Amino acid sequence: MNETDRFFSSRVQAGRMLARELGYVKGSDCIVYALPRGGVVTAVEIATYLRSPLELLLTRKIVHPLSPEYAQAAISEKGYLVSSKISREQMLEGWFEEAIQKQIAEIARRRLMYSAGKKRMRATGKTAIIVDDGVATGLTLRAGILEIRDEDPLKLIVAVPVIPESTAELIKNSVDDLVALSIPSDQDYLGAVGSYYEDFHEISDREVIKILEDFAYSSKEYSSFERRAL
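Residues numbered from 1 in each chain as written. Predicted model: local features only at pLDDT ≥ 70, side-chain atom pairs only at ≥ 80, totals over all residues. Heavy atoms only, no water.

Caption draft 1: Fine view of the overall build of the chain. For the chain, the count of helices and strands is 7 helices and 8 strands. The buried share among the 230 residues of the chain stands at 47%. Roughly 11,800 Å² of accessible area belongs to the chain as shown, and the carbon and sulfur atoms make up 51% of that amount. (Helix = DSSP H or I, 4+ residues; strand = E, 2+ residues; numbered from the N terminus. Buried < 20%, exposed > 50% of the residue type's maximum accessible area, 1.4 Å probe, protein only. Areas by Shrake-Rupley, 256 points an atom, 1.4 Å probe, with all protein chains shown as cover.)

Caption draft 2: Region of the structure containing the sheet that holds strand S5 (residues 81-83). Strand order in the open sheet formed by 3 strands is S3-S4-S5, and the pairing between neighbours is antiparallel. The sheet is open, and its two borders are formed by strand S3 (59-64) and S5, each paired with just one other strand. Pairwise comparison of adjacent strand axes, ignoring direction, gives a mean angle of 40° for this sheet. Here helix H4 (residues 94-115) sits on the sheet and contacts S3, strand S4 (67-76) and S5; the angle it forms with S3, its principal contact strand, is near 150°. Strand contacts of helix H5 (residues 139-149): S3, S4 and S5, with the helix running at about 10° to S4, the strand carrying the most contacts. (Pairing = 2+ DSSP bridges. Axes fitted to C-alpha atoms, helices over the stretch in contact; angles between N-to-C directions. Contact = heavy atoms within 4.5 Å.)

Caption draft 3: Seen up close, the pattern of salt bridges. Enumeration over the complete set of coordinates arrives at 14 salt bridges. Here arginine 109 makes a salt bridge to glutamate 106, at a shortest N to O gap of 2.8 Å. One end of the pair, arginine 109, and the other, glutamate 106, are both in helix H4, 3 residues apart, so they sit about a helical turn from each other. You can call arginine 109 partly exposed: its relative accessible area is 37%. When the shortest N-O distance is used, the salt bridge between glutamate 147 and arginine 120 registers 2.9 Å. Of this pair, glutamate 147 sits in helix H5 while arginine 120 is found in the loop between H4 and strand S6 (127-131), placing the two residues 27 residues apart along the sequence. Here glutamate 147 and arginine 120 have matching classes, each one buried. Salt bridges here are not isolated pairs; linked through shared partners, they connect Arg37, Glu106, Arg109, Arg110 and Asp205. (Salt bridge = Lys/Arg side-chain N within 4 Å of Asp/Glu carboxyl O.)

Caption draft 4: A look at the sheet that holds strand S7 (residues 155-162). Ordered by their spatial adjacency, 5 strands build an open sheet running S2-S1-S6-S7-S8, and the pairing between neighbours is parallel. The open sheet has two edge strands with one neighbour each: strand S2 (54-56) and strand S8 (177-182). Strand-to-strand, the axes of this sheet are offset by a mean angle of 25°, without reference to chain direction. Pairing of S6 with S7 involves 5 bridges; the strand directions are parallel. Across the sheet, residue alanine 128 finds its bridge partner in S7, namely leucine 156.

Caption draft 5: Broad picture of the pairing of S7. Burial of S7 is extensive: 7 of the 8 residues sit out of reach of the surface. In the classification by handedness, the crossover that spans S6, the intervening H5 and the parallel S7 is right-handed. Bridge count between S7 and S8: 5 bridges; the pairing is parallel. By the bridge assignment for S8, isoleucine 157 is matched with aspartate 177. In this view, the connection linking S7 to its parallel neighbour S8 by way of helix H6 (residues 165-172) has right-handed handedness. (Right-handed = clockwise from strand over helix to strand, strands pointing away.)

Caption draft 6: Main features of the nonpolar core. Within the largest apolar cluster, 45 residues are counted, with the highest numbers of intra-cluster contacts made by Val32, Ile46, Leu54 and Ile129. Setting aside residues no more than four positions away along its own chain, leucine 54 makes contact with Val32, Ala34, Ala43, Val44, Ala47, Leu212 and Phe215. (Core = buried A, V, L, I, M, F, W, Y, C linked by side-chain atoms within 4.5 Å.)

Caption draft 7: Here's a closer look at H5. Within H5, 8 of the 11 residues are buried, leaving the element largely enclosed by the surrounding structure. Those residues of H5 lying buried are Leu139, Thr140, Leu141, Ala143, Gly144, Ile145, Glu147 and Ile148.

Caption draft 8: Looking closely at the environment of proline 164. Its location among the elements puts proline 164 in the loop between S7 and H6. The exposure class of proline 164 is buried, given its relative accessible area of 4%. The spacing of proline 164 and tyrosine 189 is 25 residues in sequence and 6.0 Å in space, taken between C-alpha atoms. Those residues within four positions of proline 164 in sequence are excluded, and the remaining contacts are Val135, Ala136, Ile183, Pro184, Asp186 and Tyr189.

Caption draft 9: Region of interest: the side chain of aspartate 132. Looking at where aspartate 132 falls in the secondary structure, it is placed in the loop between S6 and H5. Buried aspartate 132, no salt bridge; nearest opposite-charge side chain is arginine 11, N-O distance 7.1 Å. (Lys, Arg positive; Asp, Glu negative; His and termini not counted.)

Function cannot be read off these values alone, since they describe shape.
Structure below.
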């Protein structure tokens, strides 16, 4: 689907729409990987529909101390780095290494907080679906793609509600399939993912934890029902 004027009432609605688009993988051995925080709200709808495990894919932006509003790189939990605006000379400067270490520490904090430090499921031999609530530059998404790709998934899919055309082309070249509900041209892109939502409130750590807990509980209940039905 490629619409330039699609808007969403909420991350939940966007997730349900993406789930229907991903129906072609239902029944296969899938893992849904969410980029927190907002991506978790979208991803849980997909994982519920596909009856697949839901995991967190932790990545962080790296910004210059003098330009904190602009992401210049991103790093994944396992150290995969993607850079768009940083020269090799800048990478050798002290601020860059310091920023990397700061974000690695934040990733470790979130892993401990969200999942008590439990390592995520590997994508090896699985259909891996990486989900976010929308994409602008795609730096954190690309770092996550590198990490999952290195685990040799059977198939790698990215599913997002909205992504600008130039970023979409970058992503398409690194995955097996890009499922997007809206791919506006760079000229038409509204400049921020939140501009495509009626409700785009900031998602708290507490909300992420509750979503994960509720999903884990409902998954256990469903598995128990399946066993009783056999």
